[in-house]
Amino acid sequence: MKKRGVLIVGGGLAGQRAAETLRRRGYEGALRICGAEPFAPYDRPPLSKRVLAGEVGEETLAYRPRDWYRENEVELALGERATALDPRGHTVRCESGARYRYDRLLIATGGAARRLPFLTHRNVHVLRDLADARALRAALAPGVRLAIVGAGFIGQEVAATARGLGAEVTLIEALPAPLAPILGEEIGGWFADLHREEGVDVRLGAALAEARGGAAVEELVLADGERIGCDVVVVGIGTVAATAWLAEHGFAAGIPIDAGGRSPLPDVFAAGDSALSLDPASGRHHRTEHWEAAAWQGAAAARTMLGEDPGTPPPPAFWSDQFGLRVQCVGDPRGADATQLDGDPAGRDFEVLFTRGGVPVAGLAVGRPAAIRTLRRQIQDGARAVEREELAV
Ligand SMILES: Cc1cc2nc3c(=O)[nH]c(=O)nc-3n(C[C@H](O)[C@H](O)[C@H](O)COP(=O)(O)OP(=O)(O)OC[C@H]3O[C@@H](n4cnc5c(N)ncnc54)[C@H](O)[C@@H]3O)c2cc1C
């Protein structure tokens, strides 16, 4: 049985941020990160962008050099996949048989790629970790026919990177426009046009019926009977919380947390893509699945463990890089009832302010990295105005 202290299960962004925050803010006890992958904590966004493109090497991904862990006395238990939690015994058991005791536990196991049961062939890929990125990179080459199922941000980024590598790309999306539930059909349609202009064959409203081939998929068949020949398939249809190992505690779909990262179990905290954070606007728990939220939640859980105020969560935000363009979004566009456009969508240079009852709730900036700061301020001011109004009622 291994020693107590703080145990972080899941060596990704939220876990790393928690470890750094604990040490920086004076925690001197035992601190261990137990992660399923054989790598020290690393950054995931470049996996679908510059690393997949081969523009930068894998060595650029690590959050910290190995010396940092030694100097800060953060023990790395790598290749250790947690399989069971005993909250009463304050113990986590791993696939290897090792058991780790804790005084405080942070669960930050991230997300797992959703898969389709009829797409299990050897040329079918997902993209969640470095091993996935290595396998996909090895399969892409000029002229390779790549079919991507799902035109969310991962699907779009893979499409853009694969085009840069000379692949022939078909992007298959069941919705009438990419990202329509978040950004609306008009802006979603702009993303479809962007990809078409760059030579991607974009199929919208396209339901996948069947995969044909032997050990490898040779063609995908759409519900209308159309066949799409392919050498490689990427399934990019979102993620689920990587918490199946916590099903017996009721957390199979994620771990509900308060603003300080506390779960319903004593001394158990959670952060990042495996957590269900509380949305103050709706009063509901939901997964955030973005870099900024995971980083903030990891640091917030560490502060709570230290008895500090975790602070106020920032508004949701994400970015994406495609075809040399930076796309940034802040706030939640889903609650908007109107939009204001500024700029030139055809010139790939514009921003959109999403409002509700005239109050800014979200902003999108395309090709305007400087604009996002102003949009963020407008959204934060909008949220404060709504709060004041609610207090006055
Ligand atoms: C390819 C890709 C591109 C992305 N691009 C963007 C982007 O452009 N912008 C943006 O805002 N966000 C992006 N994201 C999302 C962002 O990277 C995640 O939101 C963030 O990494 C979540 O951090 P996390 O710590 O919760 O999980 P992760 O960083 O995924 O870390 C979780 C870790 O837990 C480990 N683990 C899982 N199960 C277990 C277990 N049972 N036991 C032990 N360890 C376990 C995993 O192996 C992993 O190392 C991207 C994600 C991916 C995959």
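Residues numbered from 1 in each chain as written. Predicted model: local features only at pLDDT ≥ 70, side-chain atom pairs only at ≥ 80, totals over all residues. Heavy atoms only, no water.

Participant: Explain the domain arrangement of the chain here, please?
Facilitator: Size of an interface, as often reported, equals the accessible area lost when the parts are brought together. Split by domain assignment, the chain resolves into domain 1 (6-112 + 239-305), domain 2 (115-235) and domain 3 (324-392). Relative to domain 3, the C-alpha centre of domain 2 lies at a distance of 29 Å. Opposite the nine residues of domain 2 that make contact, domain 3 presents 12 residues. Put simply, Glu197 and Arg348 hold a salt bridge, and the shortest N to O gap is 2.9 Å. If you tally residues by element for the side of domain 2 that touches domain 3, the top one is helix 7 (residues 185-197), at five residues. (Domains from an automatic or database assignment. Contact = heavy atoms within 4.5 Å. Salt bridge = Lys/Arg side-chain N within 4 Å of Asp/Glu carboxyl O. Helix = DSSP H or I, 4+ residues; strand = E, 2+ residues; numbered from the N terminus.)

Participant: Would you explain the site of the ligand in this entry?
Facilitator: Taken together, the neighbourhood of the ligand is formed by 34 residues, with Ala14, Glu37, Lys49, Arg128 and Asp273 sitting nearest. With respect to the ligand, the backbone of Ala36 contributes an N or O atom lying 3.0 Å from a nitrogen atom. The separation between a nitrogen atom of the ligand and a polar main-chain atom of Ala82 is 2.9 Å. Within the complex, the protein chains bury 94% of what would otherwise be the 1000 Å² of accessible surface of the ligand. Secondary-structure elements contributing two or more residues to the shell around the ligand are helix 1 (13-24), strand 2 (31-35), helix 5 (153-164), helix 8 (291-305) and strand 22 (317-322). Of the residues belonging to the shell around the ligand, the class tally is 16 nonpolar, nine polar and nine charged. When residues of the shell around the ligand are assigned to domains, at least three map to each of domain 1 (6-112 + 239-305) and domain 2 (115-235). (Near = heavy atom within 4 Å. Polar contact = N/O pair within 3.5 Å; in protein donor to acceptor, adjacent residues only side chain to side chain. Areas by Shrake-Rupley, 256 points an atom, 1.4 Å probe, with all protein chains shown as cover. Nonpolar A, V, L, I, M, F, W, Y, C, P; charged D, E, K, R; others polar.)

Participant: I would appreciate a short explanation of the pattern of salt bridges in the present structure.
Facilitator: Charged atoms that come close allow side chains of opposite charge to pair. For the structure shown, the criterion picks out 29 salt bridges. The salt bridge partner of Arg212 is Glu210, with a shortest N-O separation of 3.1 Å. Residue classification places Glu210 among the partly exposed residues on the basis of a relative accessible area of 33%. The partner of Glu289 in a salt bridge is Arg287, and the shortest N-O contact between them spans 3.6 Å. For Glu289, a relative accessible area of 34% puts it in the partly exposed group. Salt bridges here are not isolated pairs; linked through shared partners, they connect Glu210, Arg212, Glu219 and Arg227. (Buried < 20%, exposed > 50% of the residue type's maximum accessible area, 1.4 Å probe, protein only.)

Participant: Looking at this structure, how should I read the side chain of Arg287?
Facilitator: Mapped onto the elements of the fold, Arg287 is located in the loop between strand 21 (284-286) and helix 8. Owing to a relative accessible area of 16%, Arg287 belongs among the buried residues under this scheme. At a separation of 3.0 Å, a polar atom in the side chain of Arg287 contacts the main-chain carbonyl oxygen of Thr239. A polar atom in the side chain of Arg287 sits 2.7 Å from the backbone oxygen of Asp273. Contact partners of Arg287, with chain neighbours within four places excluded, come to Gly111, Thr239, Val240, Ala241, Ala253, Asp273, Ala275 and Leu276.

Participant: Looking at this structure, how should I read the packing of helix 1 against helix 8?
Facilitator: Each packed pair of helices is defined by two parameters, the angle between the axes and the distance between the axes. Where helix 1 meets helix 8, the axes come as close as 7 Å, and the angle between the chain directions of the two elements is 40°. Of the two elements, helix 1 crosses helix 8, and the hand of that crossing is right-handed. Contacts between helix 1 and helix 8 involve Leu13, Ala14, Arg17, Ala18, Thr21 and Leu22 from the first element and Trp291, Ala294, Ala295, Gly298, Ala299, Ala302, Arg303 and Met305 from the second. Each residue belonging to the contact of helix 1 with helix 8 can be placed in one class, and the counts come to 10 nonpolar, two polar and two charged. (Axes fitted to C-alpha atoms, helices over the stretch in contact; angles between N-to-C directions. Left-handed = near helix turned anticlockwise from the far one by under 90°.)

Participant: It is not clear to me how the side chain of Glu20 should be interpreted in this structure. Could you clarify?
Facilitator: With respect to the element layout, Glu20 can be found in helix 1. Only 2.9 Å separates the side chain of Glu20 from the side chain of Arg64, close enough to count as a polar contact. Excluding residues within four positions of it along the chain, Glu20 makes contact with Arg64 and Trp68.

Participant: I'm lost on the nonpolar core in this one. Help?
Facilitator: One broad trend across soluble globular proteins is that nonpolar side chains are buried collectively. Core analysis: the biggest nonpolar cluster contains 26 residues, and Leu47, Leu136, Leu140, Leu146, Ile148, Val158 and Val169 have the highest contact counts within it. Of all the secondary-structure elements, those providing two or more residues to this core are helix 2 (50-53), helix 4 (130-139), strand 10 (145-149), helix 5, strand 11 (168-172) and strand 16 (232-235). Lining this core are residues from two domains, each supplying at least three of them: domain 1 (6-112 + 239-305) and domain 2 (115-235). What Leu47 contacts, discounting residues up to four positions off in sequence, is Tyr42, Leu52, Leu61, Leu127, Arg128, Asp129, Leu130 and Ala133. Among the nonpolar cores identified, the runner-up in size contains 23 residues, and Leu22, Ala271, Ala295 and Ala301 belong to it. (Core = buried A, V, L, I, M, F, W, Y, C linked by side-chain atoms within 4.5 Å.)

Participant: For this particular structure, what's the right way to read the pairing of strand 20 (residues 275-279)?
Facilitator: Pairing of strand 18 (residues 255-256) with strand 20 involves two bridges; the strand directions are parallel. Each bridged residue has a counterpart across the sheet, and for Ile255 the counterpart in strand 20 is Ala275. With three bridges connecting them, strand 20 and strand 21 associate as antiparallel partners. The residue of strand 21 that forms the bridge with Ser277 is His286. (Pairing = 2+ DSSP bridges.)

Participant: Honestly, the environment of Arg368 in this entry has me stumped. Any pointers?
Facilitator: When you line up the elements, Arg368 lands in the loop between strand 26 (359-366) and helix 9 (371-392). As a C-alpha pair, Arg368 and Leu130 span 238 residues in sequence and 30 Å in three-dimensional space. Beyond its immediate sequence surroundings of up to four residues, Arg368 is in contact with Gln328, Asp342, Gly343, Asp349, Phe350 and Glu351.

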